[in-house]
Amino acid sequence: MDEVEFKRIVWRSRRGLLELDLQLERFVSDVLPTLSESELAVYEQVLMLPDWDFLEYVNGKSVCPDAPMAVMIARISAAQQ
């Protein structure tokens, strides 16, 4: 992935909810640069989720029905610990 595409994904990681931005902050800085192309594709799908659904999944209040996205959401949650 080229630098422009990576910066685009980082920019899209900024959300409308402060709580979600805080959840994504460490993931974006520590984990995002290490993701493979296929993992980045899944992460981009996760970014398409509505903010409230995304926050509920990250906080463990709901379970994402899509298995690959659920794995990525678990990684996002784990980055906070």
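My aim in this report is to walk through the structure given alongside it, one point at a time.

About the cut-offs
- Residues take numbers from 1 onward in each chain, read along the sequence in its written order.
- Per-residue local features of the predicted model are confined to residues with pLDDT of at least 70, and side-chain atom pairs are confined, for both listing and counting, to 80 or more; whole-chain, interface and lining totals are unaffected and use all residues.
- No hydrogens and no water enter the side-chain calculation; it runs on all heavy atoms of the structure.
- Here a helix means four or more residues in a row that DSSP labels H or I, a strand means two or more in a row labelled E, and each is numbered from the N terminus.
- Here a residue-residue contact requires only that any non-hydrogen atoms of the pair lie within 4.5 Å.
- Under the convention used here, a 1.4 Å probe and the Shrake-Rupley method define accessible areas, while residue burial counts only the protein chains that appear.
- Under the counting rule used here, the positive set is Lys and Arg, the negative set is Asp and Glu, and His together with the chain ends is not counted.
- Just so you know, the charge point we use is NZ for Lys, CZ for Arg, CG for Asp and CD for Glu.
- To qualify as a nonpolar core, a set must consist of buried Ala, Val, Leu, Ile, Met, Phe, Trp, Tyr and Cys residues joined through side-chain atoms within 4.5 Å.
- Buried, partly exposed and exposed residues are distinguished by accessible area as a fraction of the type maximum, computed with a 1.4 Å probe on protein chains only: under 20%, between the cut-offs, and over 50%, respectively.

A closer look at the overall build of the protein
Within the protein, the regular secondary structure consists of five helices and zero strands. Listed by position from the N terminus, the elements making up the protein come as α-α-α-α-α. Long-range pairs, those at least 24 residues apart, make up 64% of the contacts in the protein between residues at least 6 apart in sequence. Element-wise, carbon and sulfur atoms account for 56% of the exposed surface of the protein, whose accessible area totals about 5,000 Å². When the 8 basic and 14 acidic side-chain charges of the protein are each reduced to a single mean position, those positions are 3 Å apart.

Concerning the nonpolar core
Counting 25 residues, the largest nonpolar core has Phe27, Tyr43, Phe54 and Ile76 as the members making the most contacts within it. At the level of secondary structure, the elements contributing two or more residues to this core comprise α2 (18–31), α3 (37–47), α4 (51–58) and α5 (67–78). Those residues within four positions of tyrosine 43 in sequence are excluded, and the remaining contacts are Ile9, Ser13, Leu24, Phe27, Val28, Leu32, Leu35, Met72 and Ile76.

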